[in-house]
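Chain residues, written in single-letter form:
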Amino acid sequence: MQGDITIRAVTSIDVARMAGVSQSAVSRAFSPGSSISARTRKKVMDAAAHLGYRPNRIPAIMQSGRSYMVGVVIGGLENPFYATALERLATALRESGLQVLLMHVDDALTLDSALDQLVSYRIDAIVTSLAIGSAAVVRALSALRLPVVCFNSSRVGPWISTVNSDNHGAGRAAAHLLARHGVMRPVWLAGPTKNAASHARGTGFCTGLCATGLPPAHLTTVRGNDTYDSGYAAITQLDRRGIRPDGIFASNDMMACGVIDALRERMGLLCPRDVVVAGYDNIPQAAWRSYDLTSFDQHTEQMVARAMGLLDEALGTKDTPLSRTHVIDAQLIERGSTGGGGRNDDPAIP
């Protein structure tokens, strides 16, 4: 048996020789935003693909001080809305030449618990679907001097921007929608107390109900934790209390789906014949025939585009702290749960 064969790793010098270019041209070809002609870049990429070359990014990080990595902090992936937003965000970041460092936290509502992870990595920016829960976390994030872009956060500060759905406006619209259907016993199914978006939706809903002339005393508020099971449990709770609603606005679609099932199974009520129901997020399940749920679409594609614009601007300004708030209108998608989609609520007809 002959001695072991040593396999040498392919280097940028090998790529440069095959492509007929300088080693610096190879480096520029793999550096986002570098000045290099399309023809030269193609020669380098073709040679790299042929040789199976993968660049070592550590020297570039040490030299430029930039990792081109963005920390994406997520939680609550059991909600399809967040999974969709994450996929679109990751795609947009890759198309911008940035790498994604995914950080998952158990708390699906706020960024607070992710601080220790964030300071452990060399990243250029942070993007998160989680809100910022306290002023102390705003100060701690600002001290990192990294651009931070949040979704649906009520708190911003130096280096911190947010892209929000018009939660308050959608809450008002939900109230007027229920009023048009003659609802006199409305229920607001709120999310967790720490959920800033849910709080804004509930405030808007109450404001809208008052504007329609419905006394606040007619409103019943119950709270869930943004899951299907908690929506189902909320209706069970109302049933035990002897409360028979004729209109329900849920803080998200997951809870609204639980509501529709519980209304039918626990109280013998059907949508929209007995109760009209609206949710928020317009997740794929909202369009399922078994739910046919009226919902508010947050337009995640627009929110991601705005977030990427903020990120590009913040990374371009370097040492200048950027702090912006963008609000995206939520679109009401009317379906059968409020009578808007021609839903057949006769259980005898399939």
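All of these numbers come straight from a predicted model, not from anything done at the bench. (Residues numbered from 1 in each chain as written. Predicted model: local features only at pLDDT ≥ 70, side-chain atom pairs only at ≥ 80, totals over all residues. Heavy atoms only, no water.)

A. Summary view of the overall build of the protein. Of regular secondary structure, the protein possesses 12 helices and 12 strands. Considering the protein as a whole, with its 350 residues, one finds that 49% of them fall into the buried category. Long-range pairs, those at least 24 residues apart, make up 67% of the contacts in the protein with a sequence separation of at least 6. Per element, the accessible surface of the protein, about 17,000 Å² overall, is 52% carbon and sulfur. (Helix = DSSP H or I, 4+ residues; strand = E, 2+ residues; numbered from the N terminus. Buried < 20%, exposed > 50% of the residue type's maximum accessible area, 1.4 Å probe, protein only. Contact = heavy atoms within 4.5 Å. Areas by Shrake-Rupley, 256 points an atom, 1.4 Å probe, with all protein chains shown as cover.)

B. How the structure looks around the packing of aromatic side chains. Applying the stated criterion across every chain, the model contains five aromatic pairs. Here tryptophan 188 and phenylalanine 249 contribute two aromatic rings whose centre-to-centre distance is 5.2 Å and whose plane-to-plane angle is 35°, an arrangement assigned as tilted. In this pair, tryptophan 188 sits in strand β6 (residues 186–190) while phenylalanine 249 sits in strand β8 (residues 247–250), placing the two residues 61 residues apart along the sequence. Ring geometry for phenylalanine 205 against phenylalanine 249: centres 5.2 Å apart, planes inclined by 50°, an arrangement best described as tilted. On the criterion of sequence distance, the pair formed by phenylalanine 205 in helix α9 (residues 196–211) and phenylalanine 249 in strand β8 is long-range, its members being 44 residues apart. (Phe/Tyr/Trp six-rings, centres within 6.5 Å; stacked < 30°, edge-to-face > 60°.)

C. Broad picture of the sheet that holds β8. With parallel pairing, the four strands of this open sheet are ordered in space as β7-β6-β8-β9. The sheet is open, and its two borders are formed by β7 (220–223) and β9 (276–278), each paired with just one other strand. Strand after strand, the sheet turns through a mean of 15° between neighbouring axes, direction not considered. As paired strands, β8 and β9 are joined by three bridges and run parallel to one another. (Pairing = 2+ DSSP bridges. Axes fitted to C-alpha atoms, helices over the stretch in contact; angles between N-to-C directions.)

D. Local environment of the pattern of salt bridges. Applying the stated rule across the entire model yields seven salt bridges. Here arginine 273 and aspartate 274 are joined by a salt bridge, their closest N and O atoms 3.2 Å apart. With a closest N to O distance of 2.9 Å, arginine 324 and glutamate 313 form a salt bridge. Of the two residues, arginine 324 sits in the loop between α12 (300–317) and β11 (325–328) while glutamate 313 sits in helix α12, which places them 11 residues apart along the sequence. Owing to a relative accessible area of 33%, glutamate 313 belongs among the partly exposed residues under this scheme. The structure contains a network of salt bridges with shared partners spanning Asp261, Arg264 and Glu265. (Salt bridge = Lys/Arg side-chain N within 4 Å of Asp/Glu carboxyl O.)

E. Highlighting the nonpolar core. Residues Leu189, Ile235, Ile248, Val259, Leu263, Val277 and Leu293 are the most contacted members of the largest nonpolar core, which totals 24 residues. For this core, the secondary-structure elements that each account for two or more residues are β6, α10 (228–240), β8 and α11 (253–266). The dominant element in this core, judged by the number of residues it contributes, is α11, at seven residues. For isoleucine 235, the residues in contact, after removing those within four places along its chain, are Ile248, Val259, Ala262, Leu263 and Met267. Of all hydrophobic cores here, the second largest spans 23 residues; its members include Phe151, Val163, Val304 and Met308. (Core = buried A, V, L, I, M, F, W, Y, C linked by side-chain atoms within 4.5 Å.)

F. Structural view of the state of the cysteines. Under the definition given, this model contains zero disulfides. Distance from the sulfur of cysteine 210, which forms no disulfide, to the nearest cysteine sulfur (cysteine 206) is 6.9 Å. Cysteine 210 sits in the partly exposed class, given a relative accessible area of 46%. (Disulfide = S-S within 2.5 Å.)

G. Empty space enclosed by the protein, seen in detail. Evaluation of the coordinates by the stated rule reveals one cavity of 30 Å³ or more. For the largest cavity, the calculated volume is near 80 Å³. Lining the largest cavity are 12 residues, and of these Ile74, Ala85, Leu86, Leu89 and Ser129 sit closest to its centre. Counting residues per element, the ones that place at least two in the lining of the largest cavity are β1 (69–74), α5 (80–95) and β3 (125–128). (1 Å grid on protein atoms, 1.4 Å probe; cavity = no way out; pocket = protein on both sides within 12 Å on 5 of 7 lines; lining within 4 Å. Points joined across faces, edges and corners; volume = space filled by probe spheres on them.)

H. Structural detail: the sheet that holds β11. Strand order in the open sheet formed by six strands is β2-β1-β3-β4-β5-β11, with parallel pairing between adjacent strands. Looking at the sheet topology across the chains shown, the edges are occupied by β2 (99–104) and β11. Within the sheet, the average angular offset between the axes of one strand and its neighbour, ignoring direction, is 20°. By the bridge criterion, three bridges tie β3 to strand β4 (residues 148–151) in an arrangement that is parallel. Note that in β4 the partner of threonine 128 across the bridge is cysteine 150. Each of β1, β3, β4, β5 (160–165) and β11 is contacted by α12, which is oriented at about 165° to β5, the strand it contacts most.

I. Structural context of the side chain of threonine 300. Take threonine 300: it is sitting in helix α12. For threonine 300, a relative accessible area of 7% translates into the label buried. Ignoring anything within four residues of it in the chain, the contact list for threonine 300 reads Phe81, Thr84, Ala85 and Arg88.

J. Looking closely at unusual backbone geometry. Residue cysteine 271 is joined to proline 272 through a cis peptide bond whose omega torsion reads 0°. Note on placement: proline 272 falls in the loop between α11 and β9. Look at aspartate 281: it is not a glycine, yet its phi comes out positive at around 120°. Here aspartate 281 shows up in the loop between β9 and β10 (295–297). Given the relative accessible area of 7%, aspartate 281 is considered buried.

Interpretation note: all reported values are geometric properties and have no functional meaning in isolation.
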